[in-house]
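# Reading the structure
These are the residues of each chain, in order.
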Amino acid sequence: EAQVTQNPRYLITVTGKKLTVTCSQNMNHEYMSWYRQDPGLGLRQIYYSMNVEVTDKGDVPEGYKVSRKEKRNFPLILESPSPNQTSLYFCASGGEMKKLFFGSGTQLSVL
Amino acid sequence: GENVGLHLPTLSVQEGDNSIINCAYSNSASDYFIWYKQESGKGPQFIIDIRSNMDKRQGQRVTVLLNKTVKHLSLQIAATQPGDSAVYFCAEIQGAQKLVFGQGTRLTINP
C-alpha cells in the first residue's frame with residue numbers, strides 16, 4: 001500500500017531533550033516536506049527536500065533540522081525542544097508538489 | 001507576505017445539499033491552486049487542483065472554480081454526504097518549490 005509513515009504518533013518530552021520524528025515513504029517520491037499544524041495558523045512548512053542530499057528551509061525552520069540521506073526517509077530532528085514546539089507535525093511526499101501525500105501526523109508535547 | 005486565506009472558518013450544510021467553500025488568495029503569480037481535505041485524526045488528503053490558466057475543473061462530485069480577476073477560489077461539493085465532514089484547505093504553489101496552505105474551513109454536515 002502506498003503510504004507515508006510517521007513515527008511516533010504521540011510523543012511527550014521535556015525541554016532540551018533531543019528527539020527525532022521519523023518519516024518514510026514507499027512511493028519513490030523525490031519531494032518530501034515537514035509541516036506543523038497549530039490552531040488558527042493552519043499548516044506551516046518547516047523544511048522540504050527536492051531530492052536526496054538537497055534540503056531547504058520552509059517558513060518556520062528555527063529549532064529544527066532535517067536530513068535526506070536516502071530517498072525514502074526524511075527525519076525531523078529537534079536538537080533542544082522547547083514548549084513552543086508543541087504542535088501537530090505532518091510529513092508529506094510527492095512526485096509533484098501539487099499532489100502531496102501526507103502521513104497521519106505526530107502530536108508532540110514539550111513540557 | 002502574500003497569503004492564502006479563507007472567507008469563513010466554519011460551514012454547516014444539510015445532508016444532500018451542495019456545499020461551497022471559498023478561498024481568497026493574493027499572489028497573482030501562482031501557477032497552481034489545490035484543495036485538500038483533512039478528516040479528524042488524519043493527514044490532509046489531496047482532492048483536486050486547478051492550473052492558473054483554467055477557470056473550472058470538475059472531479060467526482062467536486063468542482064473547483066478559479067476567478068483570477070478577484071483572486072478567488074472555490075470548492076463545490078455536490079450532494080454533500082456525512083463523509084464529507086472535514087476541514088478543507090486551499091493551497092497555492094508559489095514559485096517552483098513552495099506550497100502554502102490557507103487557514104482551513106470546517107465543514108459540518110447536518111442530518
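This text follows the structure it describes.
The rules behind the values
- Residues numbered from 1 in each chain as written.
- Chains lettered and ligands numbered in written order.
- Predicted model: local features only at pLDDT ≥ 70, side-chain atom pairs only at ≥ 80, totals over all residues.
- Heavy atoms only, no water.
- Contact = heavy atoms within 4.5 Å.
- Buried area = accessible area lost by both parts, 1.4 Å probe.
- Salt bridge = Lys/Arg side-chain N within 4 Å of Asp/Glu carboxyl O.
- Polar contact = N/O pair within 3.5 Å; in protein donor to acceptor, adjacent residues only side chain to side chain.
- Helix = DSSP H or I, 4+ residues; strand = E, 2+ residues; numbered from the N terminus.
- Nonpolar A, V, L, I, M, F, W, Y, C, P; charged D, E, K, R; others polar.
- Phe/Tyr/Trp six-rings, centres within 6.5 Å; stacked < 30°, edge-to-face > 60°.
- Buried < 20%, exposed > 50% of the residue type's maximum accessible area, 1.4 Å probe, protein only.
- Pairing = 2+ DSSP bridges.
- Disulfide = S-S within 2.5 Å.

## Let's talk about the interface of chain B and chain A
- Listed by partner, the interface residues are 19 residues for chain B and 21 residues for chain A.
- Summing the contributions of chain B and of chain A, the shared interface buries around 1600 Å²; its carbon and sulfur component is 55%.
- Per-residue buried area on chain B facing chain A is highest for Gln-97, Leu-99 and Phe-101 of chain B; these three make up 32% of the total on that side.
- As a salt-bridge pair, Asp-49 of chain B and Lys-98 of chain A come within 3.3 Å of each other at their nearest N and O atoms.
- In this structure, the connection of chain B to chain A is made through 5 residue pairs in polar contact (both at pLDDT 80 or more).
- Of all elements in the fold, only strand S4 (32-38), strand S5 (45-51), strand S9 (86-94) and strand S10 (98-101) of chain B reach the threshold of two or more residues within the side of chain B that touches chain A.
- The element that contributes the greatest number of residues to the side of chain B that touches chain A is S4 of chain B, accounting for 4 residues.
- Partitioned by chemical class, the residues of the side of chain B that touches chain A number 10 nonpolar, 6 polar and 3 charged.

## Some details on the packing of aromatic side chains
All names here are of chain A.
- Taken as a whole and judged by the stated rule, the model has 11 aromatic pairs over all chains.
- Centre to centre, the rings of Tyr-64 and Tyr-89 are 5.8 Å apart; their planes meet at 65°, and the pair counts as edge-to-face. With Tyr-64 in the loop between strand S6 (54-57) and strand S7 (65-66) and Tyr-89 in strand S9 (residues 87-96), this pair connects stretches of sequence that are 25 residues apart. Neither residue differs from the other here; Tyr-64 and Tyr-89 are each classed as buried.

## Quick notes on the pairing of strand S11 (residues 106-110) of chain A
Residues and elements named next belong to chain A.
- Residue alternation in S11 divides its side chains into a buried set, Thr-106, Leu-108 and Val-110, and an unburied set, Gln-107 and Ser-109.
- Summarising the sheet, strand S2 (residues 10-13) and S11 pair through 4 bridges and their orientation is parallel. Bridge assignment links Ile-12 to a residue of S11, and that residue is Ser-109.
- Relative to S11, S9 is paired through 3 bridges, and the arrangement is antiparallel. The partner of Ser-87 across the bridge, within S11, is Leu-108.

## Comments concerning the sheet that holds strand S3 (residues 19-25) of chain A
Residues and elements named next belong to chain A.
- Read across the sheet, 4 strands follow the order S1-S3-S8-S7 without closing on themselves; strand pairing throughout is antiparallel. What marks the edges here is a single partner per strand, and that holds for strand S1 (4-7) and S7.
- Pairing of S1 with S3, which is carried by 4 bridges, proceeds in the antiparallel orientation. Paired with Gln-6 across the strands is Cys-23, a residue of S3.

## Observations concerning the state of the cysteines
- Tallying each qualifying case throughout the model produces 2 disulfides over all chains.
- One disulfide in the model links Cys-23 of chain A with Cys-91 of chain A; its S-S distance is 1.9 Å. Because the sign of the S-S torsion sets the handedness, a value of about -75° for the bond joining Cys-23 of chain A and Cys-91 of chain A places this disulfide among the left-handed ones. Here the residue Cys-23 of chain A occupies a position in strand S3, and Cys-91 of chain A occupies one in strand S9, the gap between them amounting to 68 residues.
- Under the relative-accessibility criterion, Cys-91 of chain A is labelled buried at 0%.
- Across the disulfide from Cys-23 of chain B sits Cys-90 of chain B; the S-S distance is 1.9 Å.

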